[in-house]
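Results of the structural survey
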Amino acid sequence: MSLPHALITALVEQPSSGSDLAGRFDRSIGFFWHATHQQIYRELGRLEEAGWVEPLPAESGRGRKRVYRVLPAGRAELQRWVAEQQDPKPLRDEFMVRLRAEAVVGPTALATDIRRRLALHQQKLAVYQAIAARDFANVEDGSRKQQLQHLVLEAGIVQETQWIAFSQKALVILEQAQNLPEAPPPPKSPPPPLLIPPA
């Protein structure tokens, strides 16, 4: 994911000041690509230097926000980037390695962290579902733009739903392992026969 292209996308949707853009980013694209407000402001300066965005004429008065809009060169760059061929990213998640490590060195307190993660996934799913109910109640009758925006949100709903199911299954396995009775010690082998030397 390219932060510059994410910002151009947001500005094509609606010209915004840096602070407004940061707030909108947190409520939409930021669910899928995190960026700090400082990174957003810094990137806006680079986009302006590249000739991809420009600030609109400032309104009179002190303390007015600079509102940015996308220039034709920025729109062309966004179209070029969207049309690029990109391979699926391989899964690279430290949590998967921690599960493998639990299998060989556990039991540990990993279940505690999974319960915490499960609650976070449930919270995010609730946020996504609320957005879907508020903004996309009749998306089947909506425009192409609305349907594509809803598709992105739907991907987040599917992902959080899968993580919730995965976390719950992991907890079941971990709790079963903790409740298993201790294995009995292996049977002692009989002592070797005494060798009696020949007379």
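Thresholds, definitions, all that
Residues numbered from 1 in each chain as written. Predicted model: local features only at pLDDT ≥ 70, side-chain atom pairs only at ≥ 80, totals over all residues. Heavy atoms only, no water. Axes fitted to C-alpha atoms, helices over the stretch in contact; angles between N-to-C directions. Helix = DSSP H or I, 4+ residues; strand = E, 2+ residues; numbered from the N terminus. Parallel < 35°, antiparallel > 145°, perpendicular 65-115°, else oblique. Left-handed = near helix turned anticlockwise from the far one by under 90°. Contact = heavy atoms within 4.5 Å. Nonpolar A, V, L, I, M, F, W, Y, C, P; charged D, E, K, R; others polar. Core = buried A, V, L, I, M, F, W, Y, C linked by side-chain atoms within 4.5 Å. Buried < 20%, exposed > 50% of the residue type's maximum accessible area, 1.4 Å probe, protein only. Pairing = 2+ DSSP bridges. Phe/Tyr/Trp six-rings, centres within 6.5 Å; stacked < 30°, edge-to-face > 60°. Lys NZ or Arg CZ within 6 Å of the ring centre and 35° of its normal.

1. Looking at the packing of helix α5 (residues 94-105) against helix α6 (residues 110-135)
Interhelical geometry of α5 versus α6 gives an angle of 150 degrees and a closest axis separation of 11 Å. In this view, α5 runs roughly antiparallel relative to α6, as classed from their interaxial angle. In terms of crossing hand, the pair formed by α5 and α6 is left-handed. Residue-level contacts link F95, R98, L99 and E102 of α5 to L110, D113, I114 and R117 of α6. A breakdown of the residues in the contact of α5 with α6 according to their chemical character gives four nonpolar, no polar and four charged.

2. So, the nonpolar core
L7, L11, L21, F25, I40, L44 and V53 are the most contacted members of the largest nonpolar core, which has 19 residues in total. Contributing elements (two or more residues each) for this core: α1 (3-13), α2 (18-27), α3 (37-49), β3 (67-70) and α4 (72-82). The element best represented in this core is α1, accounting for six residues. In this view, L11 contacts S16, L21, L44, V53, Y68 and V70; residues no more than four positions away in its chain are not counted.

3. Considerations on the sheet that holds β3
Spatial strand order, β1-β3-β2: three strands in an open sheet with antiparallel pairing. Taken across any chain shown, the strands that pair with only one partner, and hence form the sheet edges, are β1 (16-17) and β2 (53-55). Sheet topology note: the β2/β3 ladder contains three bridges and is antiparallel. Note that in β3 the partner of V53 across the bridge is V70. Here α1 sits on the sheet in contact with β1, β2 and β3, set at roughly 100 degrees to β3.

4. Quick notes on the packing of aromatic side chains
One pass over the full model with this rule turns up three aromatic pairs. Seen in terms of ring centroids, F95 and W163 are 6.2 Å apart; in terms of plane orientation they differ by 50 degrees. Their pairing is tilted. Of this pair, F95 sits in helix α5 while W163 sits in helix α7 (residues 144-179), and the two are 68 residues apart along the sequence. The same class applies to F95 as to W163, namely buried. Their ring planes at 75 degrees and their centres at 6.3 Å tell us that F95 and F166 sit as a pair that is edge-to-face. Of this pair, F95 sits in helix α5 while F166 sits in helix α7, and the two are 71 residues apart along the sequence. Connected via pairs of aromatic rings, a cluster forms that spans F95, W163 and F166. Cation over ring: R117 sits above W163, and NZ or CZ is 5.9 Å from the ring centre.

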